[in-house]
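Close look at the chain arrangement
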Amino acid sequence: TFRDLGGTAIEFHNANRGNVISKCTFSRLGASGITMFPGTTGHCTDNVVTHNHFHDLGLADPQAAAIAAGKSSGNLVAHNLIHHMPRCAISFRHGFGRNVVEWNEIRWTNLEANNAGAIESWQWEPGQAAEYDRGNVIRYNLIADVVGCKALPDGRLVAPAGTWGIHLDSLSSRHEVVGNLIVRTMLGGIGLAGGWENLCQYNICIDGVASAASYDNTEGKMRGNRVLNSILYNPRNGPRIHLGGHA
């Protein structure tokens, strides 16, 4: 058990590989539960984070995720319970290689932040070597109550605000988002922002305040994305799918 720590519980740097973190509890931490980021001697690969319980993290750093990785590939994040997070539950940054996120239960995220997802990927970097240019696999996760919160100029806090269940941000590409159940978000179960060749299939997205899903052609680069065999249901007055674009 990792509890009442001022920062992150476990940090992997450089070429750390083959580690297994399983059956642990992470609670009341100042920052993240587990991070995997590169260093001067390489990047983290082939680590397993499974059957853990994360809750009430980011007490000093509200941008923290339960599990965060950057330029890290071949990792498995599976069968974890994550809830009551100030921002994301799982965050893969700087697009690098193929990681698998599956069979996680995620509830009550983005309690202090917006413009984010319970699971997020961002800053895709095209032109990488072929083995690192494949996108992540996000499948069979249960995501509920992605709230979102923002401050107005007059100091008032507004919630819900600006969230997705799964957010493929900043040109995230070649992801496979399959078989996820996502309920009660703000902007939709799945949000695509300008990426290409993403596959979204067999997902169920229900009860987004603004829409059931949203696709934003950021920088005009969106192409080749497929949304197949999914249920998008919004019982409110908003659309099932919101299509947006930028010049």
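The structure this text deals with has already been given above.
Residues numbered from 1 in each chain as written. Predicted model: local features only at pLDDT ≥ 70, side-chain atom pairs only at ≥ 80, totals over all residues. Heavy atoms only, no water.

Re the environment of Val146
By secondary structure assignment, the location of Val146 is in strand S16 (residues 142-146). Here the alpha-carbon distance between Val146 and Arg107, two residues 39 residues apart in the chain, equals 7.1 Å. Non-local contacts of Val146, meaning those with residues more than four positions away in its chain, are made with Thr109, Asn110, Ala118, Thr163, Trp164, Gly165, Arg184, Thr185 and Met186. (Helix = DSSP H or I, 4+ residues; strand = E, 2+ residues; numbered from the N terminus. Contact = heavy atoms within 4.5 Å.)

What about the pairing of strand S24 (residues 204-208)?
Strand direction decides the pairing type here: strand S21 (residues 181-185) and S24, joined by 4 bridges, are parallel. Looking at the pairing, Thr185 lines up with Gly208 of S24. Relative to strand S27 (residues 231-233), S24 runs parallel, the two being bridged by 3 bridges. Directly across from Ile204, in S27, lies its bridge partner Ile231. (Pairing = 2+ DSSP bridges.)

Digging into the nonpolar core
If you look at the biggest cluster of nonpolar residues, it comprises 40 residues, and the most contacted ones within it are Phe26, Phe54, Ile67, Ile82 and Ile90. Among residues more than four places away in sequence, those in contact with Ile90 are Ile67, Val77, Ile82, Val101, Asn104, Ile106, Ala118, Ile119 and Glu120. (Core = buried A, V, L, I, M, F, W, Y, C linked by side-chain atoms within 4.5 Å. Buried < 20%, exposed > 50% of the residue type's maximum accessible area, 1.4 Å probe, protein only.)

Some points on a nonpolar patch on the surface
Residues Leu181, Ile204, Ile231 and Tyr233 make up a contiguous nonpolar surface patch of roughly 330 Å² in combined accessible area. With respect to the helices and strands, the residue Ile204 is situated in strand S24. Take Ile204: its relative accessible area is 31%, and that puts it in the partly exposed class. (Patch = residues over 30% accessible without salt bridge, like charges linked within 9 Å, V, L, I, M, F, W, Y side chains within 5 Å. Areas by Shrake-Rupley, 256 points an atom, 1.4 Å probe, with all protein chains shown as cover. Salt bridge = Lys/Arg side-chain N within 4 Å of Asp/Glu carboxyl O.)

A few points about the pairing of strand S2 (residues 10-13)
Only one face of S2 is buried, namely the one carrying Ile10 and Phe12, since none of Glu11 and His13 on the opposite face is buried. Examined bridge by bridge, S2 and strand S5 (residues 34-37) share 4 bridges and lie parallel to one another. Residue pairing for S5: Glu11 is matched across the bridge by Thr35.

Some remarks on the environment of Gln63
Among the structural elements, Gln63 can be located in the loop between strand S7 (53-55) and strand S8 (67-70). The contacts of Gln63, once residues within four sequence positions are left out, are Arg87 and Arg93. A polar contact of 3.1 Å, which involves the side chain of Gln63, links it to the side chain of Arg87. (Polar contact = N/O pair within 3.5 Å; in protein donor to acceptor, adjacent residues only side chain to side chain.)

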